[in-house]
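Listed below are the residues making up each chain.
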Amino acid sequence: MSSTSATVYYSALVNPTTLASYETHLKSLIAVSSQGNIDWIVHDVDSSLIQQVLLRNGCPDAQVVDLHEGQFIMPGFIDTHTHAPQVPNLGTGYQYELLDWLEKFTFPLEAKFKDVEFAKAIYPSVVKRFIASGTTTCCYYGSLHLDSSKALADTAHSLGQRALIGKCNMDRHCPSYYIEDSADASVKDTHAFIAHVRSLSPGPSNNPNNPLIYPVLTPRFAISCTRNLLEALQVVATSDPHLHIQTHISENVKEIQFTKELYPECEHYAGVYDRYGLLRNNTILAHAVHLNDKEIELVAKRKAGVSHCPTSNFNLRSGMAQIGKYLDRGVKVGLGTDVSGGFSSSMLVAMRNASIASTVVALQNDPAGASGNEEGKFSNRQLPLATLFYLATKGGAEVCALDHQTGSLEPGKSFDALIVDVRDGAGTSGGTRNPTLWGSSGSILDDMLGQFVFCGDDRNISAVFVQGKQVGGTSYTSKE
Ligand SMILES: Nc1nc2[nH]cnc2c(=O)[nH]1
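Note that this is a predicted model, so its numbers are computed, not measured.

Overview of the pairing of strand S5 (residues 71–75)
(1) Moving on: Taking burial as the measure, the five residues of S5 include five buried ones, the bulk of the element.
(2) Moving on: Sheet analysis places strand S1 (residues 7–18) next to S5, joined by two bridges and oriented parallel. Across the sheet, residue Ala12 finds its bridge partner in S5, namely Phe72.
(3) Moving on: Of the strand pairs in this sheet, S5 and strand S15 (residues 417–421) are connected by five bridges, and their pairing is antiparallel. Across the sheet, Met74 pairs through a bridge with Leu418, a residue of S15.

If you want it as structure tokens, here you go:
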């Protein structure tokens with residue numbers, strides 16, 4: 001299954017459609033071109049009719065990959081926010097809240113990436129972990145270092161993951177051993193980083209409009225940037241409307257207070273970024289735990305997206321974002337693992353914690369309606385499976401402004417997909433050996449999706465495809 005030649009998959013399919021729904025089909029044919037794009041999809045095809053459908057679509061000799069009962073194809077996960085250099089810290093430091101955690105745990109580790117050889121030793125294992133978790137598009141923060149951030153981009157590119165990658169900008173309120181020399185130096189390195197990423201080849205699609213790796217402008221957060229730096233980044237952003245932007249916003253109460261002290265001229269935290277032209281349709285705002293009504297309105301108006309990182313928001317006791325309210329007010333939302341504030345590279349874990357966070361918000365605010373089903377309303381409700389699935393796939397693609405390319409399986413989009421296997425939950429021989437998942441009979445796709453989301457892990461991901469090419473999964477044998 002690692003070929004890049006035209007392939008047709010005959011499989012059960014689960015695909016997000018809207019925030020409140022997804023489609024399921026037990027017997028779909030999904031045709032993938034040699035460039036890795038989805039050519040066509042036909043649903044509900046009896047096995048006796050496969051040849052007929054192939055013939056009708058002009059590819060009678062296509063290689064047909066027939067999946068087992070208990071397996072299904074779905075779009076790959078889009079992780080809208082995580083920190084590649086923090087992966088070695090997974091599971092540590094959760095006795096602290098954000099600002100102390102940064103100082104005591106995070107900055108000391110990130111500073112080690114000054115040594116590009118250290119980065120080159122660590123990053124392959126980092127990217128492989130995210131791929132094994134089923135993440136086909138990952139939005140990474142790198143460290144502040146130019147060469148190590150280039151190494152991260154090279155690594156994702158060579159391992160075949162679709163990735164958005166940023167070199168951090170940070171020229172104040174950081175320790176002396178981990179800070180940029182000046183706003184000018186920060187911007188110079190940023191230009192060099194962007195040029196490097198854009199010089200990488202597009203990947204299997206061979207289409208320069210569909211690169212595998214995108215550069216992201218990455219002012220770490222308002223606290224770590226001088227006004228001079230934000231002004232200079234505004235110039236970079238304005239001259240390059242397609243350049244993605246990512247930053248942190250309104251994560252922790254002390255952080256918000258400090259930001260207000262540093263920018264008294266701004267009405268609120270979102271106003272700082274807006275003042276410098278950094279809120280737009282391809283801006284990814286990580287956390288957004290405590291946005292007020294005016295900020296929500298502004299973020300929606302600018303069409304910027306929120307990366308909801310519930311695992312980290314629990315761990316660092318940052319709070320619980322009112323995601324249902326954001327959705328009701330038209331804000332784009334995706335999910336992020338936020339390693340190492342979050343303790344897992346798996347978007348499945350992010351989905352579970354998003355479910356729990358929404359339930360607690362609902363129980364606090366409207367206990368009687370927590371499981372309510374008023375059509376199209378999410379405020380103070382437990383997020384249903386369909387919504388969790390949407391946020392982890394199509395919603396994430398919208399937040400990354402890549403929804404024309406990825407996030408769902410539709411003709412014309414890239415085949416960025418997973419083969420999920422929920423057979424044999426007993427953990428005995430064969431099957432996926434995941435002891436927490438009870439095997440499925442393979443005919444009720446809603447149950448299979450729920451089992452995967454709430455009980456699955458990388459043992460249940462047998463193949464990971466990016467742009468039609470297999471890059472991971474338990475059936476993958478690397479050529480390295
Ligand atoms: N969770 C999180 N928040 C931040 N705010 C600024 N930097 C960071 C970081 O590395 N992680």
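And the narrative resumes.
Side note on the confidence of the model for the chain
(1) Moving on: Mean pLDDT for the chain: 94, with 95% of residues reaching 70 or above.
(2) Moving on: Within the chain, the element-level pLDDT minimum falls on helix H15 (residues 445–455), averaging 95, and the maximum on strand S12 (residues 283–287), averaging 99.
(3) Moving on: Every residue in residues 1–5 scores below 50 in pLDDT, and together they form 13 contacts with partners more than four places removed in sequence or on other chains.

Description of helix H12 (residues 347–365)
(1) Moving on: Taking 1.5 Å as the rise per residue, H12 with 19 residues should run 27 Å; its terminal C-alpha atoms sit 27 Å apart, in good agreement.
(2) Moving on: Sitting at the amino-terminal end of H12 is Ser346, which places a side-chain oxygen 3.0 Å from the backbone nitrogen of Leu348.

Some thoughts on the packing of aromatic side chains
(1) Moving on: Tallying each qualifying case throughout the model produces twelve aromatic pairs.
(2) Moving on: Arranged with centres 6.4 Å apart and planes meeting at 80°, the rings of Phe72 and Phe452 form a pair that is edge-to-face. With Phe72 in strand S5 and Phe452 in helix H15, the pair connects residues that are 380 residues apart, well separated along the chain.
(3) Moving on: Both rings, one in Phe113 and one in Tyr123, keep their centres 5.1 Å apart while their planes meet at 25°; by these two values the pair is stacked. Highlighted residues: Phe113 in the loop between helix H2 (98–111) and helix H3 (116–132) and Tyr123 in helix H3, separated in sequence by ten residues.

Some words on the site of the ligand
(1) Moving on: Taken together, the residues surrounding the ligand are His83, Gln86, Leu98, Trp101, Leu102, Arg220, Phe221, His248, Glu251, His287 and Asp338.
(2) Moving on: One of the side-chain N or O atoms of Gln86 is found 2.9 Å from an oxygen atom in the ligand.
(3) Moving on: Protein coverage of the free-state accessible area of the ligand, which is 280 Å², stands at 100%.
(4) Moving on: When residues of the shell around the ligand are assigned to their parent elements, the largest contribution, three residues, is made by H2.
(5) Moving on: In the shell around the ligand, the residues fall into four nonpolar, four polar and three charged.

Some words on the pattern of salt bridges
(1) Moving on: Throughout the structure, instances matching the rule amount to 14 salt bridges.
(2) Moving on: For Arg198, the salt bridge goes to Asp240, with nearest N and O atoms at 2.9 Å. Taken together, the positions of Arg198 in helix H5 (residues 183–199) and Asp240 in the loop between helix H6 (227–238) and strand S11 (244–249) put the pair 42 residues apart, joining distant regions of the chain.
(3) Moving on: Between Asp457 and Arg459 there is a salt bridge, with the nearest N and O atoms lying 2.6 Å from each other.
(4) Moving on: Residues joined by salt bridges that share partners form a network here, namely Asp293, Lys325 and Arg329.

Scoring rules and cut-offs
- Residues numbered from 1 in each chain as written.
- Predicted model: local features only at pLDDT ≥ 70, side-chain atom pairs only at ≥ 80, totals over all residues.
- Heavy atoms only, no water.
- Buried < 20%, exposed > 50% of the residue type's maximum accessible area, 1.4 Å probe, protein only.
- Helix = DSSP H or I, 4+ residues; strand = E, 2+ residues; numbered from the N terminus.
- Pairing = 2+ DSSP bridges.
- pLDDT = per-residue confidence, 0-100.
- Contact = heavy atoms within 4.5 Å.
- Expected span 1.5 Å × (residues − 1).
- Polar contact = N/O pair within 3.5 Å; in protein donor to acceptor, adjacent residues only side chain to side chain.
- Phe/Tyr/Trp six-rings, centres within 6.5 Å; stacked < 30°, edge-to-face > 60°.
- Near = heavy atom within 4 Å.
- Areas by Shrake-Rupley, 256 points an atom, 1.4 Å probe, with all protein chains shown as cover.
- Nonpolar A, V, L, I, M, F, W, Y, C, P; charged D, E, K, R; others polar.
- Salt bridge = Lys/Arg side-chain N within 4 Å of Asp/Glu carboxyl O.

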